[in-house]
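# Examination of the molecular architecture
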Amino acid sequence: MPRPRSEKARQSVLDAMRAALSAGGYEAVTIEGLAESAGVSKQTIYRWWGSKAAILGEALREGSVPGADAAVPFSDDLGADLRAWFSAVSYGLADADGVAVARALIVVTASDPELGLELNEKLAAPIREWVTSRLSLAVTAGDVRADVDAAAIADQLIAMASYAALLGRPLGDERVEGTVEVLLRGIAT
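Below is a short write-up of the structure. Because the structure is a prediction, the values reported are computed rather than measured. (Residues numbered from 1 in each chain as written. Predicted model: local features only at pLDDT ≥ 70, side-chain atom pairs only at ≥ 80, totals over all residues. Heavy atoms only, no water.)

## Brief notes about the packing of aromatic side chains
Applying the stated criterion across every chain yields a total of four aromatic pairs. Where Trp85 meets Phe86, the ring centres are 6.2 Å apart and the plane angle is 10°; that geometry is what we call stacked. As far as burial versus exposure is concerned, Trp85 and Phe86 are alike and both buried. A cation over a ring is seen here: Arg134 above Phe74, with NZ or CZ 5.8 Å from the ring centre. (Phe/Tyr/Trp six-rings, centres within 6.5 Å; stacked < 30°, edge-to-face > 60°. Buried < 20%, exposed > 50% of the residue type's maximum accessible area, 1.4 Å probe, protein only. Lys NZ or Arg CZ within 6 Å of the ring centre and 35° of its normal.)

See below:
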């Protein structure tokens, strides 16, 4: 019968994974390095997790996901709000942590599709909520058509910001401006 997990050791391993991911990216993470940083044995890690992707998945599940927490207050200008929000998310995902997480999400999703779906939803849910709330106000104000699918728009914005993170660079102001301009033309009343 396996020994129960020590919560302190488990948290140490998850913290070590987050730190290693930020420092060198997923490819540089090793079980040996995690064990050393966490102050546990490799056997402890292998007893609790089947792979480094499983450790990463658990670390992300319990931690914050860069870019998901961008909060931009609503104003009377939908375009300005979308530009501010899109820029904040893009820059949040394109820093070292965001790039590491975006790339690692691909690995986790490939090795554990169910966990990958859960983690991607964790990233997407607050973004969809912000976009849906903001577009709902714009519909009420008569600026946006009532038939606009806010979740589909949010997914497109997530995809663009995620792609920028995979490339390791934020979307520039010109790209954000062009994207918002096209979007507004498509959804305006």
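Past the structure itself, the notes keep going.
## A closer look at the layout of surface pockets
Taken as a whole, the largest pocket spans an internal volume of roughly 150 Å³. Lining the largest pocket are 11 residues, and of these Ala102, Leu105, Ile106, Asn120 and Ser162 sit closest to its centre. Taken together, the residues of the lining of the largest pocket sort by class into eight nonpolar, three polar and no charged. (1 Å grid on protein atoms, 1.4 Å probe; cavity = no way out; pocket = protein on both sides within 12 Å on 5 of 7 lines; lining within 4 Å. Points joined across faces, edges and corners; volume = space filled by probe spheres on them. Nonpolar A, V, L, I, M, F, W, Y, C, P; charged D, E, K, R; others polar.)

## Some details on the side chain of Glu58
Within the secondary structure, Glu58 sits in helix H4 (residues 52–62). The exposure class assigned to Glu58 is buried, which follows from its relative accessible area of 10%. A polar contact is formed between the side chain of Glu58 and the side chain of Trp49, at a distance of 2.7 Å. (Helix = DSSP H or I, 4+ residues; strand = E, 2+ residues; numbered from the N terminus. Polar contact = N/O pair within 3.5 Å; in protein donor to acceptor, adjacent residues only side chain to side chain.)

## Observations concerning the pattern of salt bridges
Tallied over the entire structure, the rule returns 12 salt bridges. A salt bridge links Arg134 to Asp81, with the shortest nitrogen-to-oxygen separation between them at 2.6 Å. In this pair, Arg134 sits in helix H7 (residues 113–140) while Asp81 sits in helix H5 (residues 78–94), placing the two residues 53 residues apart along the sequence. A salt bridge links Arg185 to Glu181; the shortest N-O distance between them is 3.7 Å. Separated by four residues within a single helix, Arg185 and Glu181 lie in helix H9 (residues 173–187), roughly one turn from each other. The exposure class of Glu181 is partly exposed, given its relative accessible area of 43%. Each of Glu7, Arg10, Glu58 and Glu62 takes part in salt bridges that share partners, so that together they form one network. (Salt bridge = Lys/Arg side-chain N within 4 Å of Asp/Glu carboxyl O.)

## Regarding the packing of helix H6 (residues 96–111) against helix H8 (residues 150–167)
Each pair of packed helices can be summarised by the angle the axes make with each other and by the distance between the axes. Relative orientation of the contacting elements H6 and H8 amounts to 105°, with a least axis distance of 8 Å. Judged by the angle between their axes, H6 and H8 are roughly perpendicular. Across the interface between the two elements, Gly98, Val99, Ala102, Arg103 and Ile106 from H6 touch Ala165, Leu166 and Leu167 from H8. Class assignment for the residues of the contact of H6 with H8 results in six nonpolar, one polar and one charged. (Axes fitted to C-alpha atoms, helices over the stretch in contact; angles between N-to-C directions. Parallel < 35°, antiparallel > 145°, perpendicular 65-115°, else oblique. Contact = heavy atoms within 4.5 Å.)

## Focus: the nonpolar core
Most often, soluble globular proteins have nonpolar side chains that are buried together. Counting 30 residues, the largest nonpolar core has Trp85, Val131, Leu135, Ile153 and Ile187 as its most contacted members. Broken down by secondary-structure element, the contributors of at least two residues to this core are H5, H7, H8 and H9. In terms of residue count, the dominant contributor to this core is H8 (eight residues). The residues touching Ile187, leaving out its near neighbours within four places in the chain, are Leu78, Leu135, Asp143, Val144, Arg145, Val148 and Ile153. Counting 28 residues, the second largest nonpolar core, distinct from the first, contains Leu34, Trp49, Ala59 and Leu105. (Core = buried A, V, L, I, M, F, W, Y, C linked by side-chain atoms within 4.5 Å.)

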